[in-house]
Amino acid sequence: MENKELQKFYIDLNEEINSILVSEEEGTNPEQVFTELALSFLSEAGETENYRVCFDEKISRRGVEHKINGYSLYENYETLDLFVTIYNGDKAIQNITKGDAEKAIDRAVKFFRNAIYKDYVNEIEESSEIFDLAQTLSNVPEVKEYLTRVNVFLITNGEIKADLKLSDTIAGYTVFYRAIDINYIYNLSDNSRVPIEINFEQAGYKVPCIVNEIENSDYQSWLAIIPGIALADIYEQYGARLLEQNVRSFLQFTGKINKGIRNTILKEQHMFMAFNNGIAATAEEVTITDLPDNQGKAISQVKDFQIVNGGQTTASIYHTWKKDKVDISKVFVPVKLTIVKNRENFSEIVGRIAEYANTQNRVSASDLSSNRENHVLLEKLSRAIWAPPISGETIQTRWFFERSRGQYRNERNRFGLTPSKRKQFDRQNPRSQMFTKELLAKYINTYEEIYNGKKLVIGPHIVVRGSQKNYAQFLNHNFNIKPDNIWFEDTIAKSILFKAAEKIYGVKPNAIGDMRYITVPYSLAWLNYKLDYKLDLYKIWKEQDLEKTLKSKLEEIMIQVENFIKSNAPGSLYGEWAKKEECWDQIKQSSININLENLQPFLVNSNQTNRRNQLSEKEVDDKIIETEEILIKSIPIEKWSEIGRIGSDITEISQFQKDRSINILSTLKLKKILSESQRKDAIKILDIILKNSPHFFDELPSEKVSSYDKEKNLDNINNDLLIRMVEWDTKAKVLSVRELEYVTNFAYGFKKLNDFHKNNIKRHLSRLIESGFML
């Protein structure tokens, strides 16, 4: 079953890659599209952050010198992630040999080894997409000061069955190797992340503990003492992955050294436990062992270990040990470890623990819950609002907001129950119009700078810092307005602007330059700033495109902005300078030799009456309900009957839901209006079926619903038939209470059946058959 599901995931992934290739501009290739998808999974799982997909391959007479498909240099320079990809376009999953895997890893390692030395940057073309990284590694002093961890990821859509080396020391830096193959990506897609499992006993660490004996169904708590060296060891291996994702994103964890903690370690190690509050962590499972000589209990293993409070303590111990070469054998850290038992509400409980554990940081609950209300509202709007057809087309489309990973795929499966319906879904919901929370933040934060008092908190320099940093700022400062349809339309106009600018910038070798991720947001921010944010967004929404004059002007602006950054960046550190407010200040004060007078027709006319109608929440909900009802009614009646008879192979379908499907079938047969509870239950049932059996609706069941031959069968009324009629109608509720009671009396022998009663039963039986009852 797992191999079958893995193969299906592989096919779906290839289909997604092909779909993106069709919708993207020329120059994109399948390997980089796959890399982008794989890194998005890793980023969502917290295994990397602020990644940049780029490609560079240096070839000499000796062969390939180095190859890079992407990188992530963390904001505090503590961690560098390098990504190298092995991709194949075969229909079946291919095995990756140990030799090929190690060869690919070595190519990424060669880049790092050479780039960390100063002269290598001179061997890389300035137009290369990794020139900026090589320049930073060579010339930024903070890299030498803070860089302690290099992760080399081998990304592949093949299967790696060989054991690869785990770590190495290169040029004085610890380098960890990670193999991310199709199995790993599949697990991430299904579970959002692959849990961290730590075996303290195997590593030789003793973690003594005591348990809170109070039992409850949600959690169990342990108090433990972890050696500082054990904490430093696991932090070196996992880094920010140890931090619960909401905390990492919204508390803006930097991993920098706390001076007070460092001083205690250097001067008064024995006082560490007295001075430090320790850490709070959660886990899915814990294995306990006995300490020798009846000294008590100890934690030997822990699964899905996540720190929800104490990230700075952990990072400070690690950095002091690593950089100051201090013996930390006398450092011990108190730990409150919560084992979350309630798996259904695991994420919610962990999120709440994180929220309350971090109250001293003044982080609001709305931050830690990702502003759920606004996200849910935006999701509703994206399902209810149809965009005007673009010029030359007659089909309206939607801009699909993916509030959580996999929603687009799930909706495609749900509404595309057959190949023809999937094709219709794809036309109405083009993948190129699907956007995530991070993309939303990029489009909106690019458009307009925001001040909090006198402090600039939103601007293109924030966008350039990467998706997670930008998203956190978006939540804190730019998503406090309750979305409505007008806000949604303006947001889509901003996304059209951004995507159009990216397309105009182009992809190598036909690109303006090699700084698209910097030039596009800076150019759009400059344009809107100079136009005093008067660009007619509603006009862009209505046309679903930009006019030629505006596109041409955008190209001019991007050429000048890129030249400005390259000419003014200190030491040619373009990427580093673009992250600073100073860069934005200089650009927005410059005219960059661009005249904007011919853009007057594209600005809002203040004399024009605003004719945009604001939809109420009820109107939005009604549109979604209408869409769901159309979906439910589009499913063949036979399928609802089949769900009612489904066996135990789909364990998630409860008996209530099977009974409910018969009830829904009856309502649809009789052309009655579905109740609200029926509609909600129907959607839940469909989601469970599609999750467990994606092809359930592709074909009609082999056992068709046969028309009932009255002449032949209506006289064949016996006790077994009567009992089945009662059991079926108890779920379907076709008959009135009195009519069902009437049939029940004969089914269970309370009354004797004669010809008069038999004729009445025949009428009731005919109605049940019309509603889907089968003999």
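First things first, this report covers the structure right here in the doc. (Residues numbered from 1 in each chain as written. Predicted model: local features only at pLDDT ≥ 70, side-chain atom pairs only at ≥ 80, totals over all residues. Heavy atoms only, no water.)

1. Quick notes on the pairing of strand 10 (residues 208-211)
The criterion, for reference: A pair of strands is labelled paired if DSSP reports no fewer than 2 bridges between them. Each helix is a run of DSSP H or I of at least 4 residues and each strand a run of E of at least 2, with the numbering of both proceeding from the N terminus.
Of the strand pairs in this sheet, strand 10 and strand 14 (residues 297-303) are connected by two bridges, and their pairing is antiparallel. Bridge pairing in strand 14 links Pro208 to Ala298. Both strand 10 and strand 11 (residues 219-227) contribute to a ladder of three bridges, which runs antiparallel. Directly across from Val211, in strand 11, lies its bridge partner Trp222.

2. As for the pattern of salt bridges
Under the convention used in this document: The salt bridge definition used is simple: a Lys or Arg side-chain nitrogen within 4 Å of an Asp or Glu carboxyl oxygen. The classification of residues rests on relative accessible area computed with a 1.4 Å probe and restricted to protein chains. Under 20% of the type maximum is buried, over 50% is exposed, and intermediate values are partly exposed.
What the rule picks out here adds up to 33 salt bridges. Note that Glu65 is salt-bridged to Arg62, the shortest N-O span being 3.1 Å. According to the relative accessible area criterion, Glu65 is buried, its value standing at 17%. In this structure, Arg383 and Glu379 form a salt bridge, with 3.7 Å as the shortest nitrogen-oxygen distance.

3. Observations concerning the packing of aromatic side chains
This is how it is decided: Side-chain rings of Phe, Tyr and Trp, where Trp is taken by its six-membered ring, are said to pair if the distance between their centres is within 6.5 Å; with planes under 30 degrees apart they count as stacked, over 60 as edge-to-face, and otherwise as tilted.
According to the stated counting rule, one finds 20 aromatic pairs in the structure shown. Summarising the aromatic geometry, the rings of Phe479 and Trp487 are spaced 5.7 Å apart at their centres and angled 35° between planes, so their arrangement reads as tilted. Trp487 matches Phe479 in its accessibility class, with the two residues each being buried. Centre to centre, the rings of Phe488 and Trp541 are 6.4 Å apart; their planes meet at 75°, and the pair counts as edge-to-face.

4. Thoughts on the nonpolar core
Cut-off, in case you're wondering: Take the buried Ala, Val, Leu, Ile, Met, Phe, Trp, Tyr and Cys residues and link them wherever side-chain atoms come within 4.5 Å; each set so joined is a nonpolar core. A contact between two residues is defined here by any heavy atoms of the two lying within 4.5 Å.
In this structure, Phe111, Tyr522 and Ile565 are the most contacted members of the largest nonpolar core, which totals 105 residues. Considering every element that reaches this core, the biggest residue donor is helix 21 (residues 485-505), with 10 residues. Non-local contacts of Phe111, meaning those with residues more than four positions away in its chain, are made with His66, Ile68, Leu82, Tyr120, Ile124, Ile130, Leu133, Ala134 and Leu137. Formed by 47 residues, the second largest nonpolar core is a distinct cluster that contains Ile717, Leu740, Tyr742 and Phe746.

5. With respect to the pairing of strand 7 (residues 167-170)
Inspection of the sheet shows strand 7 paired to strand 8 (residues 173-180) by four bridges, in the antiparallel sense. By the bridge assignment for strand 8, Ile170 is matched with Tyr173. The turn linking strand 7 back onto strand 8 is made up of two residues, and Ala171 within it adopts a positive phi angle of 55°.

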